[in-house]
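Report on the structure
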Amino acid sequence: VQLQASGGGLVQAGGSLRLSCAASGSIFSINVMGWFRQVPGKQRELVAASTRAGRTNYADFAKGRFTISRDNDKNTVYLQMNGLKPDDTAVYYCNAGFYRPDWGPSDYWGQGTLVTVSS
């Protein structure tokens, strides 16, 4: 499975960005698709994830500001981020694979895409 992420960039606080991640290859093995993020010196953390059936999970910091969605026909997951804050600055990673009940990271990772939020 290959995951191709895009959509990061520089935005001012309060602004919006939309991340996209397209999966290719052995996509039959994918149930969950989602996003994690990481800042230097910290562990990678879940942002949001969605199962193929549409069940979603959000980190507390993402609730009310971020929305995850999927286009199963295109094997693509999106992350709409609104109301961005400087604390959201991180490298965002697409993640996909089998569903885990604890919503932990699954099997496959995309390349990171940097999101920088200026104050």
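Up top is the structure.
The following refers to the structure shown. Just so you know, these numbers come straight off a predicted model, no measurement behind them.

**Looking at the pairing of strand β5 (residues 45-50)**
- For β5, the tally of buried residues reaches five of six residues, placing the bulk of the element in the interior.
- Strand direction decides the pairing type here: strand β4 (residues 32-38) and β5, joined by five bridges, are antiparallel. Considered in β5, the bridge of Arg37 is made with Glu45.
- Hairpin geometry of β4 and β5 is characterised by an intervening segment of six residues between the two adjacent antiparallel strands and by a positive phi of about 85 degrees at Gly41.
- Of the strand pairs in this sheet, β5 and strand β6 (residues 56-58) are connected by three bridges, and their pairing is antiparallel. Its bridge partner lying in β6, Ala48 is registered against Tyr58.

**Focus on empty space enclosed by the protein**
- Counted according to the given criterion, the structure contains two cavities of 30 Å³ or more.
- The space that makes up the largest cavity amounts to roughly 70 Å³.
- Taken together, Val32, Met33, Gly34, Phe36, Leu46, Ala49, Asn95, Ala96, Arg100, Trp103, Gly104 and Pro105 make up the full set of residues lining the largest cavity.
- When contributions to the lining of the largest cavity are tallied by element, the ones reaching two or more residues are β4, β5 and β9 (90-97).
- Broken down by element, the residue count for the lining of the largest cavity peaks at four residues, all from β4.

Each value, and the rule that gives it
- Sequence positions are assigned chain by chain, starting from 1 and proceeding in written order.
- Restriction of local features to residues with pLDDT of at least 70 applies here, the model being predicted, together with a cutoff of 80 or more for giving and counting side-chain atom pairs; totals for whole chains, interfaces and linings are based on all residues.
- Here the side-chain values reflect all heavy atoms present in the structure, with hydrogen atoms and water set aside.
- The buried label applies to any residue whose accessible area, calculated with a 1.4 Å probe on protein chains only, is under 20% of its type's maximum; exposed applies above 50%, and partly exposed to all values in between.
- We count a stretch as a helix when DSSP gives it H or I for four or more residues in a row; a strand needs E for two or more, and each element gets its number in order from the N terminus.
- DSSP-based pairing: two strands are paired if at least 2 bridges between them are found.
- Put simply, the grid is 1 Å and covers the protein atoms alone, a cavity is a trapped set of points that fit a 1.4 Å probe, a pocket is an open set with protein on both sides within 12 Å along at least five of seven lines, and lining residues have an atom within 4 Å of a point.
- Grid points are joined across faces, edges and corners, and a volume is the space filled by probe spheres set on the points.

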